[in-house]
Structure formats: structure tokens, C-alpha cells
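# Coordinate analysis (summary)
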Amino acid sequence: MGPFLAIYLAGYHWNEERVGLALAVGGIAGILAQTPAGALVDGLRAKRALVAAAVVALAVGALAIALFPSLWPVLSAEVLIGSTSSVFGPAICAISLGIVGRSAFDARQGRNQTFNSAGNVTAAVSMGLLGYYVSNRSVFFFVVCAAVPTILILLAINPAEIDYEVARGANDGEKAGKAESVWVLMKDHPLVIFLACAVMFHFANAAMLPLLGEHLAKGHGRSSMLFMSACVVTTQLVITLIASWSGRRAGTWGRKPLLLIAFGVLPIRGVLYTLTSNTVLLVAIQILDGVGAGIFGVVSVLVIADLTRGTGRFNLTLGAISTAVGIGAALSQVIAGSIVHHLGSSAGFLFLAGVAAAAFAVLFFFMPETRDLQAAPK
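Described below are features of the structure shown in this document.

Calculation notes
- Residues numbered from 1 in each chain as written.
- Predicted model: local features only at pLDDT ≥ 70, side-chain atom pairs only at ≥ 80, totals over all residues.
- Heavy atoms only, no water.
- Axes fitted to C-alpha atoms, helices over the stretch in contact; angles between N-to-C directions.
- Helix = DSSP H or I, 4+ residues; strand = E, 2+ residues; numbered from the N terminus.
- Parallel < 35°, antiparallel > 145°, perpendicular 65-115°, else oblique.
- Left-handed = near helix turned anticlockwise from the far one by under 90°.
- Contact = heavy atoms within 4.5 Å.
- Nonpolar A, V, L, I, M, F, W, Y, C, P; charged D, E, K, R; others polar.
- Phe/Tyr/Trp six-rings, centres within 6.5 Å; stacked < 30°, edge-to-face > 60°.
- Buried < 20%, exposed > 50% of the residue type's maximum accessible area, 1.4 Å probe, protein only.
- Lys NZ or Arg CZ within 6 Å of the ring centre and 35° of its normal.
- 1 Å grid on protein atoms, 1.4 Å probe; cavity = no way out; pocket = protein on both sides within 12 Å on 5 of 7 lines; lining within 4 Å.
- Points joined across faces, edges and corners; volume = space filled by probe spheres on them.

## What to know about the packing of helix α6 (residues 105–133) against helix α7 (residues 138–154)
- Two numbers describe how α6 lies on α7: the axes approach to 8 Å, and their chain directions differ by 140 degrees. Here α6 is positioned oblique relative to α7, judged by the angle of their axes. As for how α6 packs across α7, the hand of that crossing is right-handed. For the pair α6 and α7, the contacting residues are Ala123, Ser126, Met127, Leu130 and Gly131 in the first and Ser138, Val139, Phe142 and Val143 in the second.
- Residues belonging to the contact of α6 with α7 are distributed by class as follows: six nonpolar, three polar and no charged.

## Notes on the packing of aromatic side chains
- Within the structure shown, the criterion is met by 13 aromatic pairs.
- Centroid distance Phe201 to Phe296: 4.5 Å. Interplanar angle 10 degrees. Geometry classified as stacked. Residue Phe201 is found in helix α10 (residues 189–206), and its partner Phe296 is found in helix α14 (residues 279–307); the two are separated by 95 residues along the sequence. For the pair Phe201 and Phe296, a shared accessibility class is recorded, and that class is buried.
- Seen in terms of ring centroids, Trp245 and Trp253 are 5.3 Å apart; in terms of plane orientation they differ by 90 degrees. Their pairing is edge-to-face.
- Among the residues examined, Trp245 registers a relative accessible area of 24% and is labelled partly exposed.
- Relative accessible area serves as the criterion here: at 44%, Trp253 is assigned to the partly exposed category.
- Taken together, Phe194, Phe201, Phe263 and Phe296 form an aromatic cluster joined through their ring pairs.
- Taking the ring centre of Trp14 as reference, the NZ or CZ of Arg18 above it sits at 4.6 Å.
- Over the ring of Tyr164 we find Arg45; its NZ or CZ atom is 3.9 Å from the centre of that ring.

## Considering empty space enclosed by the protein
- A complete count under the given rule lists three cavities of 30 Å³ or more for this structure.
- Of the pockets and cavities examined, the largest cavity occupies roughly 40 Å³.
- Lining of the largest cavity is provided by Glu16, Gly20, Leu23, Pro210, Leu211, Glu214, Gln333 and Gly337.
- When residues of the lining of the largest cavity are traced back to their parent elements, those giving at least two are α2 (16–43), α11 (208–217) and α15 (314–343).
- Here the residues of the lining of the largest cavity are counted per class, giving three nonpolar, three polar and two charged.

Following this line, the structure appears as C-alpha cells:
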């Protein structure tokens, strides 16, 4: 909902700093919840119920934003959404890993991302049409309606098919035993390097689309929702096309070559935003967003699975890294929003592009390949 929220709030005369604050509050709530959410997923067997509770909370938050678009209700809703949505990533990864096992997880993670993006395309098209033909507020009622089939689909998963030990990072057919402390895991140098790269990637990426949304909102009226819908649809269509391919290639090419592609397109995207104000071209630039997000969303999880094999702390580590990534994303919203407010949108996009270029350099020079770690449990 982030990009649409930026346009929605801009329609109520919220400036860039205030919109950035609202988005950052949700990010901060997510930061505080990510690591506990990962630990909860590792320790809780009722993973379907956990996801269902988060879906209900998301619907309640969307309803609050739709009905009360003032500062404190929006901030409260963002806290609720940010904190409870933290369970989605680790819970879905855990359910998948527990069902298919490690040997099939590369391909499964790619397919998960494909279906996720297909759902996002459907949502973005629906939200854009609703925002244009009904009202900007209607997109949040759509989120509430979408919660119902989501919960029904959860009921179709057989909990008996989820291997609890494998789902939390044990090897297939083994017991994880006593799980390692996350602090011990953080002493693993490749894991720390990947953490730094992921934080920088999300710092550079998180604010780009909301800033573009605020830019589109100026002077485009109701059509800005359609433009934003087109941006999101373009990104998600590319992710849909590339995610399964990424999962398959991660097992043959390795993780690092794919990550270099994802990191490499991000600074190019930031610079391109400054070179045109044509809405068609701005939408076309989102192809690069889809390439970066499609690869990173799949391969980053595989890297974490590689580095935590046999520890029993896959989901906790995933949550801890998501916490750090959330810090980068939240700071991105505030800092980039402030730069745009004082210096203009071009300065904001160039700043983010510079951070992205630095992330690419760190990944290229310091991050090792992790695929071969699957061959030998820790």
C-alpha cells in the first residue's frame, strides 16, 4: 500500500516530510517486530494461524487509514500494519521450506515470488482503477476485501505436511537440536557482509517509488493513481516473469552473479528518474525495479538459508536481517523525503543512486558465493 498511501495522503495536502514520517513510522514498527516475528515463526507450530492474524491486522489498519486520514490515526494504523506484517516473510518461507525441503527450496522460493507478484499485479490494477473511477480512499477498502480470500486459502494448507524442524533451518530428516543464538550467527563474516549489502540496497530502493508517487501526484489530479498503478504493475509483471527464472538460475549460476545484476540496476534507475518527466518513460523505468526486486526477493532468502543451514535459526536470522533492512528503509523515507523537500526530486534520486552504487561495490568486492555451503551442513 505504500506508493498508493503516498498519493492518498498528498491529496489531503500532506507535504513530503509528513508523508515520509507516516511511512517511516510503519517501517520503524516493522523494524521492532521483525526479529521477534522470526523467533516466533521458528518456535510456533501454528504457522497458518499466525499468518491469518497478521492478515486481519492488515485489514484493520487499512480500514483505519480509509476512515480517518489525519495524523494520529494514520500513524497508529501504520504501526499496526508494520508490526504485524513482519510475520509474512518468515512465515511463508518457513511453511515452504517445511513442505518441500531444502533440495527443492530454490525453485519453490522462485515460484512463491512469481505468485506473490501476480497477486500484486492484480491488486495494483484494481487499486489504480478504483482510485481513478471511485476514489483514492477506495483502494484501502479493497485491501479489507482481499483479506477474506487470503484467509480461506490458508485453510487449504495441510499443517501435517509442514516439517517443523526443516522449517526452522534443520537439515532434511534431522533434528536441529538446540538452536544457536542469533548473536553467534552474526559473528559469521559472510552473513555480516550480506547484512550490510541488504541494508544499503533497501536504503537506496525504499524511497524511490513513494517519491515518484509524490512527484506524479503534483499536477496530475485523479490520474496520478492510474500512473502509480501502471508503475506498480510494470514492476510486478517483471518480477512475475523473472522470479522463477531467478530461483532456477540461483542453483546453477550461484547466488552472487544474480545479486550483482539486482544491485547493478538500482543506481541506473535512480539516475534515469532525473532525466525525464514523461510519465510513459517514468513507468518504463520501473522495468529495472522489477529486475532488481525480482532477483533480490528470491536470492536473498536463499543466501540466508545457505548461511544458517543446520542452525535451527533460519527464520530468526531472516527476521534479524529484516530488522536491519527495515532500519535502512525507514531512514530512506525520512532522509530522502527531507532532501526532496529542500533540494528537489532530482537531488533525492541522485542521493539514492549514490548509495546504491556503494552497495554494488561492497557486494562485488567483499561478498563470497554461498551456494556451495549447501553441500556441507554447519
